[in-house]
Amino acid sequence: MVRVALDLENCPKGTPWAALTDFAEEYLSELRLTGGEPLLYTMASWVGPIGAASMGVPVWIAQYRSVTQAWAPASEADMPKAYPWKVLQYSGDHGFRVPGIPVDCDRNLFRGSEEDLRDWFGLPPLG
């Protein structure tokens, strides 16, 4: 199984939501024909306007609270409510570093256990 993310976060100014929705649905349909497992990556504010709920795919939401300081969701109250997301990407500016990478990094939160995450991406269990 190959999980592939469709990244919808930037488009020419004035592009109608319907055009983005049509593009996403066509792409996801083609991906399914190849045996790929689709995942939609987009901003929390785009989930509703592009009709993510009707696409029937898991959503990876990008939600940033700050571009000047590190922020991480502290509780369920900090989580996006727009759609039952599977992965949440949040700001890594000014604080989140990964060994060997000399710049700030975004971070992601998976809704589930590590075992669920490995299974979801088709990875073997640990051990």
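Preceding block: the structure.
What comes next concerns the included structure. (Residues numbered from 1 in each chain as written. Predicted model: local features only at pLDDT ≥ 70, side-chain atom pairs only at ≥ 80, totals over all residues. Heavy atoms only, no water.)

1. Focus: a nonpolar patch on the surface
The condition is simple: A residue counts toward a patch only above 30% relative accessible area and without a salt bridge, and it is joined to like-charged neighbours within 9 Å or, for Val, Leu, Ile, Met, Phe, Trp and Tyr, to nonpolar neighbours within 5 Å. For the accessible areas, the method is Shrake-Rupley and the probe is 1.4 Å, while residue cover comes only from the protein chains on display. Should a side-chain nitrogen of Lys or Arg be within 4 Å of a carboxyl oxygen of Asp or Glu, the pair is scored as a salt bridge. Secondary structure elements follow DSSP: runs of H or I no shorter than four residues count as helices, runs of E no shorter than two count as strands, and numbering proceeds from the N terminus.
The grouping of V98, I101 and V103 at the surface amounts to a nonpolar patch, some 230 Å² of accessible area in total. Along the polypeptide, I101 turns up in the loop between β4 (87–90) and β5 (107–110).

2. Comments concerning the sheet that holds strand β1 (residues 2–8)
Here is the rule we go by: Any two strands with at least two DSSP-identified bridges between them are counted as paired. Angular values range over 0 to 180 degrees, each being the angle between N-to-C directions of two axes fitted as lines to C-alpha atoms, with helices fitted over their stretch in contact.
In space, the five strands of this open sheet follow the order β1-β2-β3-β4-β5, with mixed pairing throughout. The sheet is open, and its two borders are formed by β1 and β5, each paired with just one other strand. Neighbouring strand axes in the sheet, compared pairwise and without regard to direction, differ in orientation by 20° on average. By the bridge criterion, three bridges tie strand β3 (residues 59–62) to β4 in an arrangement that is parallel. Residue pairing across strands places W60 opposite V87, the latter belonging to β4.

3. Comments concerning the environment of T34
Note the threshold: A 1.4 Å probe rolled over the protein chains alone gives each residue an accessible area, and that area as a share of the maximum for its type sets the label: buried under 20%, exposed over 50%, partly exposed in between. Polar contact criterion, stated in full: a pair of N or O atoms within 3.5 Å, where within protein one must be able to donate a hydrogen and the other to accept it, and residues adjacent in sequence count only if both atoms are side-chain atoms.
With respect to the helices and strands, T34 occurs in the loop between α1 (17–33) and β2 (36–43). By relative accessible area, which is 65% here, T34 ends up exposed. Each C-alpha atom, one on T34 and one on V2, is 9.7 Å from the other, the two residues being 32 residues apart in sequence. Polar side-chain contacts of T34 include one of 2.6 Å to the backbone oxygen of L31.

Keep in mind that these numbers describe shape and distance, not what the molecule does.
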